[in-house]
Every structure is written in structure tokens, then in C-alpha cells.
Amino acid sequence: MIIAGVGTVIQYAISIWFCCILITLFWKMASGEIILAGILQSRRSGRLKLHRLQMLVVTLVFAIGYLIVGLSHAGGSTLPNIPKLMLLALLGSQGAYLTGKYKGG
Amino acid sequence: MITGFWGYISAAVAIGITLVILGMAIAVLIALFNGTINLKYLLAEPADPAAQQAAQVAGGNPQPPEIPKASLSRFQFLIFTFVIAGVYLVLCLEAGTLVQIPDNVVLLLGVSGGTYAASKGIKAATDTPPAN
């Protein structure tokens, strides 16, 4: 009985803790306390770079998509799988980013 | 239902471990919130030495100014880590047991971490002046 109660307390506590961490990060990003300046620009020229923009878009789309699928998968006994083609697309995007960064920032 | 000596011992240990872990979690959260753990450079990488030197000359300041810039590789690593950790946490709480992680999800985290490491390597290589 007590052990089960402890488990329930941990469940609620870890959920609240995780949400608090996310809120803190988001709040500090939004308020500028975590530096986000220049995330899409080259280190050398300071110009907007396409390889950075495409990786940001692919990352956000992929992450939001996985979050939606994952949360609608509640009750399952496994994390939702990622199709190989999507993984390859992500790999290509990240490869393009690294190549662009190597070539000129 | 607790029965016997060892039942009380195990309950005390469970409560003790829970309190210690919760205490650590709360301490980390408070430190993050009040700035004891500085998050300013969580996503930033050090300035390009050439740009820093140019700004130093332009500003006439003997101390090199700090020109940090956010890193996209750090940002995507953070996003993927939190998304997968969050989904895993939700599914575990729903199922009441540890859920399985497919190979492709592990691969995704590997790709994300690999990109971060490669990005750091590229930056270190481009910042190092060529040897004569």
C-alpha cells in the first residue's frame, strides 16, 4: 500500500518536474536569457543560410509530427516507430547542414 | 499492506529514496529557475575568432568582446531529446510499465547526437589556425 503510494507520488512529481523544466527553458528562450541570436546565420558572413533554414524547418516538423503521433499512441507498449524513409530524410537534412557548415558556416 | 520487519524496512527505504530523488530534482529546478545553473550559453557556441578580433579592433577595446551565436546543432539535439523523453514519459505513465524503444528511435537520437558532435568538430577545425 505504502509502496504503491510512493509510486503514485513519483509519477505526479516527475510529470510536474518535466513540465517545469520545459516551461523554464521556453520562458528563458522567449525572454532572451538563452541566446538564440544568429541561429540561422553564418558565423563568418552573418548572412541567413539556406542549409540552416531547411534543417530548422525539417527538425521542427519532424519533432512536432513525432510528438503528435506519440501522444496519440497512449496506452501502447512501445514508442511509435519512425519510417526508414523519414529517418533518411532527416539524415539528409542534417548532412546538408553539416556540409554547408563545413563549406562556409 | 506492510507485514513484518522487512516490510517496514522496504517501505522506509522506498520513502527515503523517493525523498532523495525528489530533493535533487527540486534543487536542480530551483537552480535553473534562479540562475544558479546558467542557461545563457545552453544553445550558444563561442564566437568566431576572426569576427571577435575584428570587433575588438573596431571597438578599440583591449578585451575581446563576447559575440556568442546560437548553434542549430545544439538546438535540434535539445528538441529531439525532449520530444522523445516526453513521449516516453507519457507512455510509461499511461502503461504503468517501461515501454519498448524501437531501433529507429535509437537511431534518430544517434543521428541527432552525431550531428551535434560533428558540428563541434567542424567548428574546432575551422577555428584552429593552419600549422606552418
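Given the structure is predicted, the values throughout are model-derived calculations rather than measurements. (Residues numbered from 1 in each chain as written. Chains lettered and ligands numbered in written order. Predicted model: local features only at pLDDT ≥ 70, side-chain atom pairs only at ≥ 80, totals over all residues.)

*Asks:* Describe the overall build of chain B, and please don't skip the residues or the numbers.
*Replies:* What chain B contains, in helices and strands, is four helices and two strands. For chain B, the N- to C-terminal ordering of α and β elements is α-β-α-β-α-α. Taking the contacts inside chain B whose residues are at least 6 apart along the sequence as the reference set, 54% of them involve residues at least 24 apart. (Helix = DSSP H or I, 4+ residues; strand = E, 2+ residues; numbered from the N terminus. Contact = placed C-beta atoms within 7 Å.)

*Asks:* Lay out the overall build of chain A in plain terms, naming residues and giving numbers.
*Replies:* Scanning chain A from terminus to terminus reveals three helices and zero strands. When the helices and strands of chain A are placed in sequence order, the string is α-α-α. Here the C-alpha atoms of chain A give a radius of gyration of 19 Å, more than 25% beyond the 13 Å that 2.2 N^0.38 yields for 105 residues. Projected onto its principal axes, the C-alpha positions of chain A cover 65 × 35 × 20 Å. Each of the 105 residues in chain A was classed as buried or not, and the buried ones make up 17%. Expressed as a percentage of contacts within chain A between residues at least 6 apart in sequence, the contacts between residues at least 24 apart total 57%. (Rg over C-alpha atoms; globule rule 2.2 N^0.38 Å. Buried ≥ 20, exposed ≤ 12 C-beta atoms within 10 Å, placed from the backbone.)

*Asks:* Quick rundown of the interface of chain A and chain B? Include the residues and the values.
*Replies:* Often, the extent of an interface is quoted as the loss of accessible area on bringing the components together. Counting residues at the interface gives 53 residues for chain A, matched by 51 residues for chain B. Among the secondary structure elements, those contributing two or more residues to the side of chain A that touches chain B are α1 (2–30), α2 (50–71) and α3 (84–104) of chain A. Per-element accounting of the side of chain A that touches chain B gives the leading share, 16 residues, to α1(A). Looking at side-chain class alone, the side of chain A that touches chain B contains 33 nonpolar, 13 polar and seven charged residues. (Nonpolar A, V, L, I, M, F, W, Y, C, P; charged D, E, K, R; others polar.)

*Asks:* Would you mind going over α1(A) in detail, with residue names and values included?
*Replies:* Residues spaced three or four apart along an α-helix face the same direction, because each turn holds 3.6 residues. Between its first and last C-alpha, α1(A) extends 42 Å over 29 residues, near the 42 Å set by a 1.5 Å rise per residue. Trailing α1(A) by a residue or two, A:G32 shows a phi angle of about 90 degrees, which is positive. (Expected span 1.5 Å × (residues − 1).)

*Asks:* With reference to specific residues and values, describe the domain arrangement of chain A.
*Replies:* When cut into domains, chain A gives domain 1 (1–36) and domain 2 (38–105). Distance from the C-alpha centre of domain 1 of chain A to the C-alpha centre of domain 2 of chain A: 25 Å. (Domains from an automatic or database assignment.)

*Asks:* Outline the environment of B:N38, listing residues and values.
*Replies:* Residue and element names in this part refer to chain B. Relative to the helices and strands, N38 is located in the loop between α1 (4–34) and β1 (44–45). Overall, N38 belongs to the exposed group, with 11 C-beta atoms counted inside 10 Å. The spatial distance from the C-alpha of N38 to the C-alpha of I67 is 17 Å, given a sequence separation of 29 residues.

*Asks:* Give me the lowdown on helix α3 (residues 72–95) of chain B, citing residues and values where you can.
*Replies:* Taking 1.5 Å as the rise per residue, α3(B) with 24 residues should run 34 Å; its terminal C-alpha atoms sit 34 Å apart, in good agreement. Within α3(B), burial applies to B:L72, B:S73, B:F75, B:Q76, B:F77, B:F80, B:I84, B:V87 and B:L91. Turning to α3(B), the residues buried within the fold contact α2 and α3 of chain A together with β2 (69–70) and α4 (103–127) of chain B. B:G96 sits one or two positions beyond α3(B) and adopts a positive phi of about 75 degrees.

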